[in-house]
Amino acid sequence: MSDEDLDLRARKVFSGPIDFLKSAPGLRHLPGPTVPEIALAGRSNVGKSSLLNALTNRNGLARTSNTPGRTQELNFFDVGRPLIFRLVDMPGYGFAKAPKDLARKWRLLVNDYLRGRAVLKRTLLLVDSRHGLKDVDREVMKMLDEAAVSYHLVLTKSDKIKPTELDAVLERTREEARTHAAAHPLILTTSSHAGQGMQELRAAVLEAIA
Ligand code: GDP
């Protein structure tokens, strides 16, 4: 598919039907692995819900699943009718008192999912552009490397910092991505509030499931 066709298809797919399917607290609850999946992960407060809403052009989508007590579940969204692929919203991490450690429950759930899921085509690993990569993100990158799940690092909230600072964090992130086996060389810069980078992200998702 040409870049132009990919772009058009991405626009069409993301403005079409997208529906919350289910929350899965464990492997037994996963939907059947019948279509490709794209997962979203990131530290709590990184802007994951906002990005999911901006990406899909709808306001309440991510909130549907973010009801309290459901924070340790994988949330599945069906994209397209007939179904084309699924978006998987992973629980946020790095919120506990020991911010450097991934919570045990999070690690167990996510590791199980990452390792056994052949339909998982790519993960979008969100990083706040003001903070850059943290040790807890590096732990997740290592998990993805070990599970051989390809991932894009996605910088969020780009409207919050100056362009020169953004360039610097982008360069640092790029350099670090080079040292990770499963990290995709393309790092995306986004702002859900300003709408920046959304179309590139949609195209990257479509490219990953192609
Ligand atoms: P989550 O915990 O990762 O789902 O993060 P949320 O999407 O709930 O966002 C956390 C906070 O960051 C909220 O106050 C959002 O309004 C804010 N936020 C999210 N994305 C952006 C963005 O692109 N720009 C700015 N300026 N703020 C953002």
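Residues numbered from 1 in each chain as written. Predicted model: local features only at pLDDT ≥ 70, side-chain atom pairs only at ≥ 80, totals over all residues. Heavy atoms only, no water.

A.B. asks: I'd like a description of the pairing of strand S2 (residues 37-42), backed by residues and values.
C.D. replies: A large share of S2 lies buried, amounting to six of its six residues. By the alternation rule, side chains of S2 split into Glu37, Ala39 and Ala41 and Ile38, Leu40 and Gly42, which are all buried. Of the strand pairs in this sheet, S2 and strand S4 (residues 85-89) are connected by four bridges, and their pairing is parallel. By the bridge assignment, Glu37 is partnered in S4 with Arg86. Summarising the sheet, S2 and strand S5 (residues 120-128) pair through six bridges and their orientation is parallel. (Buried < 20%, exposed > 50% of the residue type's maximum accessible area, 1.4 Å probe, protein only. Helix = DSSP H or I, 4+ residues; strand = E, 2+ residues; numbered from the N terminus. Pairing = 2+ DSSP bridges.)

A.B. asks: Could you give an account of the nonpolar core, naming the residues involved and the relevant values?
C.D. replies: Note on soluble globular proteins: their nonpolar side chains tend to be buried together. The biggest cluster of nonpolar side chains holds 36 residues, and the ones touching the most others in it are Leu74, Met90, Tyr113, Leu114, Leu125, Tyr151 and Leu153. For this core, the elements supplying multiple residues, two or more each, are S2, strand S3 (74-79), helix H4 (104-116), S5, helix H5 (135-147), strand S6 (151-156) and helix H6 (163-177). With six residues, the top contributor of residues to this core is H5. Leaving out residues up to four positions away in the same chain, Leu114 has contacts with Met90, Leu120, Met143, Leu144, Ala147 and Val149. Within the second largest apolar cluster, 30 residues are counted, among which are Ile38, Ala54, Val79 and Ala203. (Core = buried A, V, L, I, M, F, W, Y, C linked by side-chain atoms within 4.5 Å. Contact = heavy atoms within 4.5 Å.)

A.B. asks: Would you mind going over unusual backbone geometry in detail, with residue names and values included?
C.D. replies: Residues Arg81 and Pro82 are joined by a peptide bond in cis, for which omega reads 5 degrees. In the Ramachandran plot, Ala148 falls in the positive-phi region, its phi being about 55 degrees despite a non-glycine side chain. Checked against the element boundaries, Ala148 lands in the loop between H5 and S6. A positive phi angle, near 55 degrees, is found at Lys157, a position not held by glycine. Position of Lys157 relative to the elements: it lies in the loop between S6 and H6. By relative accessible area, which is 19% here, Lys157 ends up buried.

A.B. asks: Would you mind going over the sheet that holds strand S7 (residues 188-189) in detail, with residue names and values included?
C.D. replies: Across a sheet, strands are paired by hydrogen bonds formed along the backbone, either parallel or antiparallel in direction. The strand order across the open sheet built from seven strands is S1-S3-S4-S2-S5-S6-S7, with neighbouring strands paired in mixed fashion. Two strands close off the open sheet at either side, each with one partner strand: strand S1 (18-24) and S7. The strands touched by helix H2 (residues 48-55) within the sheet are S2, S3, S4, S5 and S6, with S2 carrying the most contacts at an inclination of about 145 degrees. (Axes fitted to C-alpha atoms, helices over the stretch in contact; angles between N-to-C directions.)

A.B. asks: Could you give an account of the packing of aromatic side chains, naming the residues involved and the relevant values?
C.D. replies: In this description, an aromatic ring pair is defined by two values, namely the gap between the centres and the angle between the planes. Throughout the structure, instances matching the rule amount to four aromatic pairs. Measuring from ring centre to ring centre gives 5.0 Å for Tyr93 and Trp106, while their planes differ by 70 degrees; the resulting arrangement is edge-to-face. Remark: Trp106 occurs in helix H4 and Tyr93 occurs in the loop between S4 and H4; sequence separation between them is 13 residues. Judged by relative accessible area, Tyr93 falls into the buried class, the value being 1%. (Phe/Tyr/Trp six-rings, centres within 6.5 Å; stacked < 30°, edge-to-face > 60°.)

A.B. asks: Got a sec to walk through the site of the ligand? Specific residues and values, please.
C.D. replies: The local shell around the ligand consists of Asn45, Val46, Gly47, Lys48, Ser49, Ser50, Lys157, Asp159, Lys160, Ser191, Ser192 and His193. Contacts to the ligand include Asn45, whose backbone N or O atom sits 2.9 Å from an oxygen atom. At a separation of 2.6 Å, an oxygen atom of the ligand approaches a polar side-chain atom of Ser50. When isolated, the ligand has an accessible area of 580 Å², and the protein chains bury 72% of it. Taken together, the residues that form the shell around the ligand break down as one nonpolar, seven polar and four charged. (Near = heavy atom within 4 Å. Polar contact = N/O pair within 3.5 Å; in protein donor to acceptor, adjacent residues only side chain to side chain. Areas by Shrake-Rupley, 256 points an atom, 1.4 Å probe, with all protein chains shown as cover. Nonpolar A, V, L, I, M, F, W, Y, C, P; charged D, E, K, R; others polar.)

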